[in-house]
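Secondary and tertiary structure notes
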Amino acid sequence: MKNFHFAGNNQITLLQNGAEYFPQLAAAIDQAQVEIHLQTYIFEFDTIGKKIAEALMRAAQRGVSVYLLLDGFGSQDYPQEEIQRMLQAGVKVLIFRQELFFSKPRRYRLRRMHRKLAVIDAQTAFIGGINIIDDQHNPENLTPRFDYAVAIQGPLLVQIHQAAKHLWMIVAWAHFKRRWIHPATIKPSIKPCGNQSAALVIRDNWRHRHDIEHAYLDAINQARSEIIIANAYFLPGRTFSNALKNAARRGVQVELLLQGKIEYRLQYHATQALYENLLAAGIKIYEYNRSYLHAKVAVIDQYWATVGSSNIDPFSLLLAREANVLVKDQPFAAALRLSLKTAIAQESIPVTPANTRIFSWRNHLVNWLSFYIVRLMQGILGYSVIHA
């Protein structure tokens, strides 16, 4: 397994939902003096999207170098005229894989830029699962999507800033925008800002193809007492599933907080196909039903934690560019654990073998049909489950 580079002396703050995240992000953008990198899967043209876009344009107009990277599929509905406004204001905007969804050979169709990352003046970073979208409003008028991000200051910025610059450089070259690749004008400070140890873990299609999955597997295989995973789209491969089941069989309490609201029907039912086998191994499963679950987080042994953009499914683990932060710190893990345990106790429904809605013969058929359709699609696109 891979050894991850943990940097000490960081200050990492847990942010839950957009209500905590967006004010801090907007304030950091407004305080920027030299450089901003913002990379996001979805940039919605709504109340939040407009607010962040205006902040980026204000920064560019006062001389800050602003680099905005959007995914060509996740942000395909963002108005072109608004992108032109940002360009005219001085914001450098690039689109990751702008081609039509089915216009490329099959192996490239689902390779998306799924990370949600911002770096301000190489001094403050934000990483998590929260897109630039108003999570207070959704089609069913539910409460905000349940999600997390972290605000980071400290030596870990060296890794994060380099990752943001590297991806921007790759996309700029692909778009023949060499003039948008500037030599380093700012360097992250390695001055201690706190006492938390953390590492950046990314997923790409070259040197870091399996890093996020390996980070999870390392922590799960070493777990001694407790594993709590909250994940919006959960469809792990055999190695990941076996690691969880083995942990439960050796006495570790394993709890999964999964999607309870149907956002993508095929994915939802494919995940439910795994329930019976996981429950039989002693794993506890809860479906979050207060709103849409969008979190991609975990806490293990009340010490190791991760927050990021990566789901535990083939899309994130095999295809997309993702970014997670690993944190080894008891107070941070305790804060995330308390939030998850509260959601489990107050906003979720436990899944039991007696649940007739999930385990009826009709739903059983739909679940396994969905599961095999997802796996078939995965095979058609040219990918297999890691270590399957």
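Owing to the predicted nature of the structure, the values given are computational and were not obtained by experimental measurement. (Residues numbered from 1 in each chain as written. Predicted model: local features only at pLDDT ≥ 70, side-chain atom pairs only at ≥ 80, totals over all residues. Heavy atoms only, no water.)

**Notes on the overall build of the chain**
Along the chain, the regular secondary structure elements total 12 helices and 15 strands. Taking 21 Å as the expected radius of gyration for a compact globule of 388 residues, we find that the chain reaches 20 Å, a close match to that expectation. Based on the C-alpha atoms only, the size of the chain along its principal axes is roughly 60 × 45 × 40 Å. Here the chain holds 388 residues, and 59% of them are scored as buried. By element, 53% of the accessible surface of the chain is carried by carbon and sulfur atoms, the whole surface being about 17,000 Å². Side-chain charges of the chain comprise 43 positive and 30 negative groups, with the mean position of each set lying 7 Å from the other. (Helix = DSSP H or I, 4+ residues; strand = E, 2+ residues; numbered from the N terminus. Rg over C-alpha atoms; globule rule 2.2 N^0.38 Å. Buried < 20%, exposed > 50% of the residue type's maximum accessible area, 1.4 Å probe, protein only. Areas by Shrake-Rupley, 256 points an atom, 1.4 Å probe, with all protein chains shown as cover. Lys, Arg positive; Asp, Glu negative; His and termini not counted. Charge placed at Lys NZ, Arg CZ, Asp CG, Glu CD.)

**Some thoughts on the nonpolar core**
Ranked by size, the top nonpolar core spans 40 residues in total, and within it Ile 220, Ile 227, Ile 229, Leu 244, Val 254, Leu 256 and Ile 285 carry the most contacts. Sorting the residues of this core by element identifies β8 (196-203), α5 (211-222), β9 (226-231), α6 (238-249), β10 (253-259), α8 (275-280), β12 (296-300) and α12 (361-380) as the ones contributing at least two each. Looking at which element gives the most residues to this core, the answer is α5, with six residues. Val 150, Val 297, Ala 305 and Ala 343 belong to the second largest nonpolar core, which has 38 residues in total. (Core = buried A, V, L, I, M, F, W, Y, C linked by side-chain atoms within 4.5 Å.)

**Brief notes about the pairing of β10**
Burial runs high along β10: six of the seven residues are buried. As paired strands, β9 and β10 are joined by five bridges and run parallel to one another. Note that in β10 the partner of Ile 229 across the bridge is Leu 256. As a crossover connection, the stretch from β9 through α6 into β10 is right-handed. The pairing of β10 with strand β11 (residues 284-288) spans five bridges and is classified as parallel. Across the sheet, the residue bridging to Glu 255 is Lys 284, located in β11. (Pairing = 2+ DSSP bridges. Right-handed = clockwise from strand over helix to strand, strands pointing away.)

**Some remarks on the layout of surface pockets**
Roughly 530 Å³ of volume is contained in the second largest pocket. Lining of the second largest pocket is provided by 21 residues; of these, Ala 163, Ile 202, Asp 204, Arg 207 and His 208 occupy positions nearest its centre. For the lining of the second largest pocket, the secondary structure elements donating two or more residues are α4 (157-174) and β8. Here the lining of the second largest pocket takes six residues from α4, the largest share from any one element. In the lining of the second largest pocket, the residues fall into nine nonpolar, six polar and six charged. (1 Å grid on protein atoms, 1.4 Å probe; cavity = no way out; pocket = protein on both sides within 12 Å on 5 of 7 lines; lining within 4 Å. Points joined across faces, edges and corners; volume = space filled by probe spheres on them. Nonpolar A, V, L, I, M, F, W, Y, C, P; charged D, E, K, R; others polar.)

**Here we look at the pattern of salt bridges**
Side-chain pairs of opposite charge can arise whenever the charged atoms involved come near each other. Evaluation of the coordinates by the stated rule reveals seven salt bridges. Glu 226 is the partner of Arg 337 in a salt bridge, and the nearest nitrogen-oxygen pair spans 2.7 Å. Highlighted residues: Arg 337 in helix α10 (residues 330-347) and Glu 226 in strand β9, separated in sequence by 111 residues. Relative accessible area serves as the criterion here: at 23%, Arg 337 is assigned to the partly exposed category. One salt-bridge network, in which partners are shared between bridges, spans Glu 54, Glu 82 and Arg 85. (Salt bridge = Lys/Arg side-chain N within 4 Å of Asp/Glu carboxyl O.)

**Side note on the environment of Leu 70**
Of note, Leu 70 is situated in strand β3 (residues 65-71). When the C-alpha atoms of Leu 70 and Leu 25 are compared, they prove to be 17 Å apart, with 45 residues separating the residues in sequence. What Leu 70 contacts, discounting residues up to four positions off in sequence, is Thr 40, Phe 43, Ser 75, Val 93, Leu 94, Ile 95, Phe 96 and Met 113. (Contact = heavy atoms within 4.5 Å.)

**Some thoughts on empty space enclosed by the protein**
In total, this model carries three cavities of 30 Å³ or more according to the counting rule given. Lining the largest cavity are 14 residues; nearest its centre among them are Ala 232, Gln 259, Gln 267, Tyr 268 and Thr 271. For the lining of the largest cavity, the secondary structure elements donating two or more residues are β10 and α7 (265-272). For the lining of the largest cavity, the leading source of residues is α7, giving three residues.

**With respect to the packing of helix α2 (residues 47-61) against helix α3 (residues 80-89)**
With their axes 8 Å apart at the nearest point, α2 and α3 run at an angle of 20° to one another. The angle between α2 and α3 places the two elements in the roughly parallel class. Between α2, through Ala 53, Glu 54, Met 57, Ala 60 and Gln 61, and α3, the contact on the second element is made entirely by Arg 85, Met 86 and Ala 89. (Axes fitted to C-alpha atoms, helices over the stretch in contact; angles between N-to-C directions. Parallel < 35°, antiparallel > 145°, perpendicular 65-115°, else oblique.)

**Details of the confidence of the model for the chain**
For the chain, per-residue confidence averages 89 on the pLDDT scale, and 90% of positions sit at 70 or higher. Overall, residues 100-107 carries pLDDT values under 50, and its contacts beyond four positions in sequence, including any with other chains, amount to 11 contacts. (pLDDT = per-residue confidence, 0-100.)

**A look at the packing of helix α1 (residues 17-31) against α2**
Between two packed helices, both the angle of their axes relative to each other and the distance between the axes serve to describe the pair. Their axes nearest at 9 Å, the elements α1 and α2 cross at an angle of 15°. Viewed along their axes, α1 and α2 adopt a mutual orientation that is roughly parallel. For α1 against α2, the interelement crossing comes out left-handed. Of the residues in α2, those touching α1 at Phe 22, Leu 25, Ala 26, Ile 29 and Asp 30 are Ile 48, Lys 51, Ile 52, Ala 55, Leu 56, Arg 58 and Ala 59. Broken down by class, the residue content of the contact of α1 with α2 amounts to nine nonpolar, no polar and three charged. (Left-handed = near helix turned anticlockwise from the far one by under 90°.)

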